[in-house]
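# Examination of the molecular architecture
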Amino acid sequence: MGFNCGIVGLPNVGKSTLFNALTATAAAEAANYPFCTIEPNTGRVGVPDEHLEKIASIAQSAKIIPTQLEFVDIAGLVRGASKGEGLGNQFLGHIRSTEAIIHVLRCFEDDDITHVEGSVNPLRDLTTIETELLLADLESMERRAQSLEKKLKTNDPEAKALMPVIQKVLTALQQGQSAKTVVLSADEHPLFHSLHLLTSKPILYVCNVAEDQASTGNAHTQAVANYALSQNAKSVIISAAIEAEVANLDSPHEQQEYLQSLGLQETGLKQVIRAGYQLLNLLTFFTVGPKEARAWTVSQGAKAPQAAGAIHSDFEKGFICAETISYEDYVTYQGEQGAKLAGKLRQEGRDYQVKDGDIFHFRFNV
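In this report, the structure presented in the accompanying data block is examined. Residue indices begin from 1 for each chain and proceed along its sequence in written order. Local features in a predicted model are, by the rule used here, given only for residues with pLDDT of at least 70; side-chain atom pairs are given and counted only at 80 or more, and totals for whole chains, interfaces and linings are based on all residues. Side-chain numbers here rest on the full set of heavy atoms in the structure, without hydrogens or water.

## Observations concerning the sheet that holds strand S6 (residues 203-208)
As a general point, the strands of a sheet are linked pairwise by backbone hydrogen bonds and lie either parallel or antiparallel. The 6 strands lie next to each other as S2-S4-S1-S5-S6-S7, forming an open sheet whose pairing is mixed. With partners counted over all chains shown, the strands left at the sheet margins are strand S2 (41-46) and strand S7 (234-238), one partner each. Averaged over all neighbouring strand pairs, the angle between strand axes comes to 25 degrees, with direction disregarded. One bridge is not enough; two strands pair if DSSP finds at least two bridges between them. Numbering of helices and strands runs from the N terminus, with a helix taken as a DSSP run of H or I at least four residues long and a strand as a DSSP run of E at least two residues long. Fitted lines through C-alpha atoms serve as axes, helices being fitted only where they are in contact, and the angles separating the N-to-C directions of these axes extend from 0 to 180 degrees.

So, in C-alpha cells, the structure goes:
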C-alpha cells in the first residue's frame, strides 16, 4: 500500500467526479445535488512509476506490481456537520482512519452547477470544512478527557500518560488552532497519534478548475496556493472534467496526446501521488526478478529491516542482510548480474537507511 487518503469537501465541488476519474470507476455516483455520495466509496489505483517499468523491462519480469494509492470518497460536508447537520458527523469518522486528507475546492464558475453557499469562494469553503474538523476533534477530546478523569482517580497508568497530551490538544483546539500545531515531546508522539485527530492529518488542497484553466490556474487557485504555503501544506490544480476524459481513453498514447493538446504534461493522478508522497514523507523501493517486478512503500528514514517487514513480518523478524543495488546502477549495468560484476551490489545491515529507488533482495532466517 502506498498511502490512503479521504477526499473531503463541500457538496458539488467535484469530489465524486474526481474520485471516479482517479479510480477509473463509476462506483461513486456523480450528480448535481448535495449528498449524492451516501456511503464512503473506496478505490485503489496502481501508482504510475517509470522506474518500475524500466527495471521490469531489464529483468524481463513476467508481471509488474505497482504500489497502490487508496482513495476514500466521503459525502459532502456542510456547515454544522460536527453537530449533525447535512449527513452529520458519521462521515467525519470515516476520515479518522485515513493517513491524509485531500480537500477538493471548487475553483470554477458554472451557473448550471449549484453551490451550497451560493457563490464560488474556495478560501471560505476550506474554512468551513476545517472548522467542522476542528469542532469534531474538540468534542471528541472533551469526551475523552471526562472519561480519563475517572480513571485518574484510580491512578490508572495509561490515563496518567495520556491526559497531559489531551490537555495540550484541548488548549490548542479551544484557541482555534489545529492539533498539528501542538508541541510534543518524543515520548508523547505515539500517544498523540493514537488519538486519530482529524486536524493532525496532512492536507493536500486540490483546486478543481474548468478545462481551459487546468494549465494556468486562476485567481482562486492562487489564493489557495498562498494559503497552503502559510499552513505548510500543498496544493495542486486539477480539472475533474479532464481527468474523466483521460480515464475514458483506451491507451496511454491517446491519453498523452489529449493532455498535450490542452497544454498539460501529466494527469492529475500523478500530481496527487507526487504531492501525497511528499506530504507523508514516503519513498519507494523495489524487488525485481523474472517472475515479477514490484514496488513497495516505506516512510523516509526507514531502516532495512523495516523495508523487509513491508513485504512480510517474517522478513523483519529474521532479517540477516539486504543485498542492495541503487536504481541508477541497476539501469547503468543492465540488471543484477551486471551490477554485481561491476561491484555495485552491496550487503547492507540493520542500520542501513533505505533510499528512494533501492532494489533489494533480503536475506533472512526464521
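## A closer look at the pairing of strand S1 (residues 3-8)
Note on strand geometry: in a regular strand, side chains alternate between the two faces of the sheet. Under the scheme applied here, a residue whose accessible area is under 20% of the maximum for its type counts as buried, over 50% as exposed, and between as partly exposed, the area being computed with a 1.4 Å probe on protein chains only. The element S1 is largely enclosed, with a buried count of 6 among its 6 residues. Residues of S1 alternate between two faces, with Phe3, Cys5 and Ile7 on one and Asn4, Gly6 and Val8 on the opposite face, all of them buried. Bridge analysis of S1 against strand S4 (residues 68-73) gives 5 bridges, and the strand direction is parallel. When the bridges of S4 are listed, Ile7 appears paired with Asp73.

## Some remarks on empty space enclosed by the protein
The way it works is a 1 Å grid over only the protein atoms, where trapped points that fit a 1.4 Å probe form a cavity and open points with protein on both sides within 12 Å along at least five of seven lines form a pocket, and then any residue with an atom within 4 Å of a point lines it. Grid points are joined across faces, edges and corners, and a volume is the space filled by probe spheres set on the points. Summed over the entire model, instances satisfying the criterion amount to 2 cavities of 30 Å³ or more. Estimated volume of the largest cavity: approximately 60 Å³. Around the largest cavity, the lining residues are Ala214, Ile237, Ile238, Ser239, Ile242, Glu243, Leu259, Leu264, Glu266, Thr267, Gly268 and Gln271. Contributing elements (two or more residues each) for the lining of the second largest cavity: S1, strand S5 (100-106) and helix H10 (268-280). Residues that form the lining of the second largest cavity fall into these classes: 8 nonpolar, 1 polar and no charged. When residues are sorted by character, Ala, Val, Leu, Ile, Met, Phe, Trp, Tyr, Cys and Pro go into the nonpolar class, Asp, Glu, Lys and Arg into the charged class, and all the rest, Gly among them, into the polar class.

## A word on the nonpolar core
We define a nonpolar core as any set of buried Ala, Val, Leu, Ile, Met, Phe, Trp, Tyr and Cys residues linked to one another through side-chain atoms lying within 4.5 Å. The biggest cluster of nonpolar side chains holds 52 residues, and the ones touching the most others in it are Leu69, Phe71, Ile102, Leu204, Tyr205 and Val206. Per element, the largest residue contribution to this core is 7 residues, and it comes from H10. Residues are treated as being in contact if the distance between any of their heavy atoms lies within 4.5 Å. The residues touching Val206, leaving out its near neighbours within four places in the chain, are Leu18, Ile102, His103, Val104, Leu105, Val236 and Ile238. Core analysis: the next-biggest nonpolar cluster, separate from the first, contains 20 residues, Leu138, Val169, Leu173 and Val182 among them.

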